[in-house]
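Fold and geometry: a report
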Amino acid sequence: MTPRDRFDPDRLIATACEEVGSDDFGDDLGFTGWQPGLHRVTDGLINEARLSAIGVEIAHLDLLRALKNRLSVIAWRKQHPEVATKPITQPIVIVGQPRTGTTILYDLLAQDPELRAPLTWEVDSPCPVPQPESYHNDPRIAQTQASIELSEQIIPGFLAFHPMGALVGQECVRITASQFTSMIYSVQYRLPSYYRWLLYEADHAGAYRFHRIFLQHLQSGVTGQWLLKSPAHLWQLGALLHEYPDALIVQTHRDPLNVISSIAALTHHLRRMASDQIDIAECAAQSYEEIVVGLDREIALRDSGAIPEGRIIDVLYTDFVNGPWDTIGDIYQRLGRELRPETEQRMRDFLAAHPGDVGRGRYTWKDTGLNADDVRDRVRTYQERYDVPTEQLR
């Protein structure tokens, strides 16, 4: 079967419907608008992604999972209409450029037992709804972990570069993948037409509507105040706040030049999973375009007064790296939460077990092919706006 056959949208939809036993994608509930993204992703996978043979199979499984998860969540919601009546109150959302400490901050805050992060296993396999008594030993956990470890066999060293695990918090882009309006596709695969559509044309409101029903689905089994994370929210803060008007936002800040070279290296690494034809300079050019657009948008939104005062907590990457406990203490104080000693100890234990190396040696600016002076001029307004220190280029 050719890639064109493997990524035929009608064939994918039919396969997903057959495997789930449902053909209801939620359109009659108002959860529409997912088809344009699916068609753009599949077109890009056929014509632009330069997939290897194994890449075709990986991407095929990614799309099937997204379709099947959507079908399963909608079916559960219709069988259990009470799920839709439960509100989502004051989610704490970590945003910021990629590679600015969002992941480790997320993982540390997720050690708070009063906060509820969507874990990788339940995001990948949301049905049946996770239950408290089996939340940490559900059979789906081992299945998800095995899939993650398979990636390490395909690309040795992958998990050191991008740590993942079935029992750690997952990013929101994995949820919005089922709306097919998600950066997860344009990072993992070479999709130049899709990423520009996503950046400039796509309607993200539907993605956030689906995001809400997904969270309602999960919290119908295991409750708690939501703790969420995705750098992708930076580009769509307005849409995020429209769906969650009481959201509490923690935004991380770092020198964009080292961000661009780091995310370019990560994108290059991720794409090796599915393609033998990857250009790190092309990854850097995409990263540069996306970063400057995202920073311009969030500055304009905040300066417009559209976000209530005190609803965003700004965190400098350098402050967090140099004094993580001071930073976390300040976040808790700003959120009006008590950082209990036992919670802080859980965070300290987690950090001791996951020290990381801040990507040392895995990326350099010269790999990007970009002119540092030009990029520095382009991001100067952002750095001055938030007092972001200029770092030595790696």
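Residues numbered from 1 in each chain as written. Predicted model: local features only at pLDDT ≥ 70, side-chain atom pairs only at ≥ 80, totals over all residues. Heavy atoms only, no water.

Within an unreviewed UniProt entry, the label attached to the chain reads Sulfotransferase domain protein, and the organism entered is Mycobacterium basiliense.

**Here's the deal with the side chain of Thr 120**
As for its position among the elements, Thr 120 is in helix H6 (residues 120-124). The exposure class of Thr 120 is buried, given its relative accessible area of 3%. Residues within four places of Thr 120 in sequence aside, it is in contact with Thr 144, Ile 148, Gly 165, Ala 166, Val 168, Gly 169 and Gln 170. (Helix = DSSP H or I, 4+ residues; strand = E, 2+ residues; numbered from the N terminus. Buried < 20%, exposed > 50% of the residue type's maximum accessible area, 1.4 Å probe, protein only. Contact = heavy atoms within 4.5 Å.)

**Observations regarding the packing of aromatic side chains**
Using the criterion set out here, one finds seven aromatic pairs in the structure. Ring plane angle 15 degrees and centroid distance 6.1 Å describe the contact between Phe 180 and Tyr 185, whose orientation is recorded as stacked. Assigned by exposure class, Phe 180 and Tyr 185 land together as buried. (Phe/Tyr/Trp six-rings, centres within 6.5 Å; stacked < 30°, edge-to-face > 60°.)

**Examining the environment of Leu 45**
The topology assignment puts Leu 45 in helix H3 (residues 35-47). Looking at Leu 45, the relative accessible area reads 3%, which means it is buried. A sequence separation of 140 residues divides Leu 45 from Tyr 185, and the C-alpha atoms of the two residues are 9.6 Å apart. Not counting residues up to four positions away in its chain, the partners in contact with Leu 45 are Phe 7, Leu 51, Ala 59, Leu 63, Tyr 189 and Leu 191.

**Side note on the environment of Pro 139**
Tracing the sequence through the fold places Pro 139 in helix H7 (residues 139-154). A sequence separation of 106 residues divides Pro 139 from Pro 245, and the C-alpha atoms of the two residues are 36 Å apart.

**Re the packing of helix H14 (residues 256-271) against helix H19 (residues 372-386)**
The N-to-C vectors of H14 and H19 enclose an angle of 120 degrees; their axes lie 9 Å apart at closest approach. In terms of orientation, H14 and H19 fall into the oblique class. Side by side, H14 and H19 meet where Pro 256, Leu 257 and Ile 260 of the first sit next to Ala 372, Val 375, Arg 376, Val 379, Tyr 382 and Gln 383 of the second. Classifying every residue of the contact of H14 with H19 by side-chain character gives seven nonpolar, one polar and one charged. (Axes fitted to C-alpha atoms, helices over the stretch in contact; angles between N-to-C directions. Parallel < 35°, antiparallel > 145°, perpendicular 65-115°, else oblique. Nonpolar A, V, L, I, M, F, W, Y, C, P; charged D, E, K, R; others polar.)

**Comments concerning a nonpolar patch on the surface**
Together, Ile 54, Leu 150 and Ile 154 make up an exposed nonpolar region whose accessible area comes to about 230 Å². For Ile 54, the location among the structural elements is in helix H4 (residues 53-79). On the basis of relative accessibility, which here comes to 43%, the residue Ile 54 falls in the partly exposed class. (Patch = residues over 30% accessible without salt bridge, like charges linked within 9 Å, V, L, I, M, F, W, Y side chains within 5 Å. Areas by Shrake-Rupley, 256 points an atom, 1.4 Å probe, with all protein chains shown as cover. Salt bridge = Lys/Arg side-chain N within 4 Å of Asp/Glu carboxyl O.)

**Considering empty space enclosed by the protein**
The rolling of a water-molecule-sized probe over the atoms marks out the regions of remaining empty space. Using the criterion set out here, one finds three cavities of 30 Å³ or more in the structure. Surrounding the largest cavity, 19 residues form its lining, Thr 181, Met 183, His 204, Ala 232 and Gln 236 being those nearest its centre. Taken together, the elements giving at least two residues each to the lining of the largest cavity come down to helix H9 (173-176), helix H11 (192-200), helix H12 (205-219) and helix H15 (280-303). Broken down by element, the residue count for the lining of the largest cavity peaks at three residues, all from H11. Considered class by class, the residues forming the lining of the largest cavity number 10 nonpolar, seven polar and two charged. Looking at the second largest cavity, its volume works out to about 130 Å³. Lining of the second largest cavity is provided by 14 residues; of these, Asp 62, Arg 65, Ala 66, Arg 174 and Ala 177 occupy positions nearest its centre. Only H4, H6, H9 and helix H10 (183-188) provide two or more residues apiece to the lining of the second largest cavity. (1 Å grid on protein atoms, 1.4 Å probe; cavity = no way out; pocket = protein on both sides within 12 Å on 5 of 7 lines; lining within 4 Å. Points joined across faces, edges and corners; volume = space filled by probe spheres on them.)

**Observations regarding the pattern of salt bridges**
Per the counting criterion, the structure on display carries 24 salt bridges. Asp 24 is the partner of Lys 78 in a salt bridge, and the nearest nitrogen-oxygen pair spans 2.5 Å. Residue Lys 78 is found in helix H4, and its partner Asp 24 is found in the loop between helix H2 (9-20) and H3; the two are separated by 54 residues along the sequence. A residue is classified by how much of its surface remains accessible, and Lys 78, at 36% relative accessible area, is partly exposed. Across the salt bridge formed by Glu 391 and Arg 254, the nearest N and O atoms sit 3.1 Å from each other. Here Arg 254 lies in the loop between strand S4 (248-253) and H14 and Glu 391 lies in the segment after H19, a separation of 137 residues in the sequence. Looking at Arg 254, the relative accessible area reads 2%, which means it is buried.

**Comments concerning the sheet that holds strand S3 (residues 225-229)**
Strand pairing within a sheet occurs via backbone hydrogen bonds; the two strands may be parallel or antiparallel. Read across the open sheet, the five strands follow the order S2-S3-S1-S4-S5; overall the sheet is parallel. Edge strands, defined here as strands with exactly one partner in the open sheet, are strand S2 (115-116) and strand S5 (312-316). With respect to the sheet, helix H17 (residues 324-335) is in contact with strand S1 (92-96), S2, S4 and S5, its orientation differing from that of S5 by roughly 170 degrees. (Pairing = 2+ DSSP bridges.)

**Brief notes about the layout of surface pockets**
For the second largest pocket, the calculated volume is near 400 Å³. Residue lining of the second largest pocket: 20 residues in total, with Ala 110, Leu 115, Leu 119, Tyr 135 and His 136 positioned closest to the centre. Here the lining of the second largest pocket is built from residues that sort into 10 nonpolar, five polar and five charged.

**Things to note about the environment of Glu 384**
Here Glu 384 shows up in helix H19. With 319 residues separating them in the primary sequence, Glu 384 and Arg 65 have C-alpha atoms 43 Å apart.

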